[in-house]
Every structure is written in C-alpha cells, then in structure tokens.
Amino acid sequence: MVARPTTPISRAELVAMLAMLAATVAFSIDAMLPVLPDIAQSLAPDALNQVQLVFATFVVGMGFGTLFAGPLSDTYGRHKIAIWGAVLYITGALLGALAPDLETMLIARTLQGVGAAGPRVVAVAITRDLFSGRQMARIVSFVMIVFTLVPVIAPTMGAVIAWAFGWRTIYYTFAAFSLLSVAWLVLRQPETLLPESRRPFRTKEIWSGVREVFANRQVFLAICAQTLIYAMLFTTLMSSQQIFDQSFDLGASYPLWFGLCAAISASASLLNAAIVLRIGMQRVVAWSLAIQILISIGFIASMTLLTLPWDTAFACFFIWLVSVFYMAGLGIGNLNAVAMEPMGHMAGLAASIISATATVASVVIAAPISLSFDGTPLPIAIGVLGAAIVSWMIVIRINNAELAD
C-alpha cells in the first residue's frame, strides 16, 4: 500500500495557498469585467460586442489546457506543472499588456487560459492527494471561503488600476499574482505526488483513464450537474455588467455592487464547511438547487406579472443574483468532491477531465443565454432557472444511486 504524503505546513496556510492558486482563474476574469468597455474603445471601437470574446477565449484556453495539465501532473508531479502553467500565464499577461489590436489580445487571453489551467488543476489534485471524502469537501469549502474574497475585490481593483494607470496595467498585476502564488507553492509545500504513485504519460493510459472517468456513473452525473451550475455562474458573470448598466443605469457603481454580491455569497462556503460532514455533499447541493429554483421562479414571476418601482425591481434582481452566486458556492466544490472521490488513484487526470468538460461545456450553454439579453434580466433568469431544474434532477439521481448501492 502506497503511503499518503503529508504536509508539514499548517492547514490554514495550506488552505490559503490552494485558494490563491485556484483564484488565478477568478482574478483573471473578475478584474476584467469593469474595464471591458475601455478595452473595446481602445482595440475594437467599430465592433464593441466582440470584446466579450476576451472572456470566452480565456475560458476556452483554460479548458484546453486543463486536458493536459492533469495527466502531465500525474507524470511529472504537481510542482513542475504549476511552474510551467505560470510561465505560460505570465507570457500571455505580458502579451496582453502590449497588445496593439483585439486579435492579439484574444491570442494573449487564450494563452493565459492555457497557463491558468496548471495552478487550477494542481490545486485540486493536491487536495485529493492529501484528503478524501467529506474531509476533502470540508477542505474545499475552506479553500472556497478564501477563494471568494477574490471576486469581492477584483472588480474594484481592476477599475482602480485602470483609472490610475490604464487598463493595460491590469495585465502586469496578473503576472505578479501568478508569480507570487506559484512561488509560495514551490517554496513552502513539498511535492504531494510520490514517485511510486506517478502514471506514465502515454496515450493509451490517458485514453484508458478517460474511459474510466466517463464510465463511472457517479462521476459522469456529477460532471453534468457541475457543468450546469458553472453555466449558471458564467451566464450571470457575462451578463451582469450589461444588466447593471442598461437595465438599472448603475454601470458606474457596478464594481461595488458586484463586490457586495460576492462578499455576501462568500458565507456559502463557510456554511458548507459547517454542515457537509453531517448531511453529506449531495444533499447540500440538492437543497441549494431547490432553493435557487424557487427564488428564480419568484423573480421571473415578479418581472412578468407585476409592475415594480425601480428600487423594488433592483432589490429583487440583486437578491436573485446573490442567490445564484450562493448556490454556486454550495454546489461546485461539493460536486467536484463527489466526482473526484472514486478517482484517487488518478487524481490529476480525473481533475483534468472533470474541469475541462465542465468548463468548456458550461460556456457552450452560457454563451447563447447571455446573448439573449434584451435590456432586461428576464431572458437570463429564465435560462438560469432551466439549468437549475435540470441540475437538481441530476443531483437527485446521484442521491438515488447512492441509496441503491
């Protein structure tokens, strides 16, 4: 039996370090949200809508990179893949800072996405190396608590940096963030994948691992449910700036409202850490989705059946937006733990397949919903409701399968 590696650093430091690695993705997205109009005016003044591709290309690049980051980390160890991911990410950040046109910017964002996959997958794989089951879910919850601080401050940070130094400076901040997070990992956390636990990087081995992941019913259903929750989250992220600006004329204060929403939603991970050991991962997700369905139905009904004053309409929208973020905080980490639980013998590859599938597929779902924006939040809310219902039904099937076993 292979000995499980242990960590000499405190659990608090481990959680903070893993959260910073995972937050590379959130920081790269959320800091850009308030400056998208500035980028559009600088690089694509005749095609303002195309600036949304700055978000999409990053996510696609991340999904592509995730397919390779996990298997490579299973072969060469977690540290090397985190380092090479940081090199690609920093290269993309520097290219983005100097981009003369939108096409170069999109190439830079794609490269950033590929690089960000390294720290993202490594954070998940290290967690699975050191923990399992509900203990893993609890650690993920603590990671998410720290992780959710990034969306609280990132939009305001991006807006302030752009106001003071121009939007290009944000890319230099990305490079510094990645350098610090990976240096922390390398200097403080010993390698968690022991040499005798490593898997050779062979096409046959990888394909066998892919088949094993998708043949496992629990893993497959968890991926499907996680995909839909990511789709709900990405839909609101992609549409939120437009809704605040065009629906409620609050574009100038958008970073503050977004930060408040993220701050409130951060308590979801704290709640999950307190209850997941008692009631289980699937039940937490099922209840959070059921509540989200009810809130979405109420919000849609209020928009279609009632004529609300501006302040009441905005309050209803903000409550609904917080509920989506809160549901994601309760759902994503738990479903990832459910999917990873049977995959401890191939954590890196499994993390890659799960993350890549959920990320890319969710963007495919989220993009058309976001494009349906018509000046009101109604199409977005309807899309989120549909995804929540289907995800809830899938999670119920996971529960039923577990009871049957």
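This structure is a prediction, so every number in the text was calculated from the model and none was measured. (Residues numbered from 1 in each chain as written. Predicted model: local features only at pLDDT ≥ 70, side-chain atom pairs only at ≥ 80, totals over all residues. Heavy atoms only, no water.)

**Student:** Hey, could you go over the overall build of the chain for me, with residue numbers and the actual values?
**Tutor:** Per the secondary structure count, the chain includes 16 helices and 0 strands. With respect to the three principal axes, the spread of C-alpha positions in the chain is 65 × 50 × 40 Å. Taking as baseline every contact in the chain between residues at least 6 positions apart, the subset at least 24 positions apart corresponds to 87%. As displayed, the chain has an accessible area near 16600 Å², and 69% of this comes from carbon and sulfur atoms. Computed over 20 positive and 19 negative side-chain charges, the separation of the two mean positions in the chain equals 14 Å. (Helix = DSSP H or I, 4+ residues; strand = E, 2+ residues; numbered from the N terminus. Contact = heavy atoms within 4.5 Å. Areas by Shrake-Rupley, 256 points an atom, 1.4 Å probe, with all protein chains shown as cover. Lys, Arg positive; Asp, Glu negative; His and termini not counted. Charge placed at Lys NZ, Arg CZ, Asp CG, Glu CD.)

**Student:** Before we move on, can you summarise the environment of Ile9 with the specific residues and values?
**Tutor:** Along the chain, Ile9 falls in the segment before α1 (11–30). Taking relative accessible area as the criterion, Ile9 reaches 7% and is therefore assigned buried. The sequence separation of Ile9 and Val59 amounts to 50 residues, and the corresponding C-alpha distance is 32 Å. The residues contacting Ile9, other than those within four sequence positions of it, are Leu14, Arg188 and Gln189. (Buried < 20%, exposed > 50% of the residue type's maximum accessible area, 1.4 Å probe, protein only.)

**Student:** Pulling in residues and values, what's your account of helix α8 (residues 169–188)?
**Tutor:** Every α-helix winds through 3.6 residues per turn, so residues three or four apart in the chain are directed the same way. Over its 20 residues, α8 runs 29 Å from end to end, which matches the ideal 28 Å to within 8%, given 1.5 Å per residue. Every buried residue of α8 is listed here: Ile170, Tyr171, Phe174, Ala175, Phe177, Ser178, Ser181, Val182 and Leu185. The buried side chains of α8 occupy one side of the element, clustering within an arc of 165° when seen end-on. Exposed side of α8, more than 90 degrees from the buried face: Leu179, Leu180 and Leu187 are the residues found there. Structurally, α8 contributes buried residues whose contacts are with α1, α3 (53–76), α4 (78–98), α5 (102–130) and α7 (149–165). (Expected span 1.5 Å × (residues − 1). Arc of directions from axis to C-beta.)

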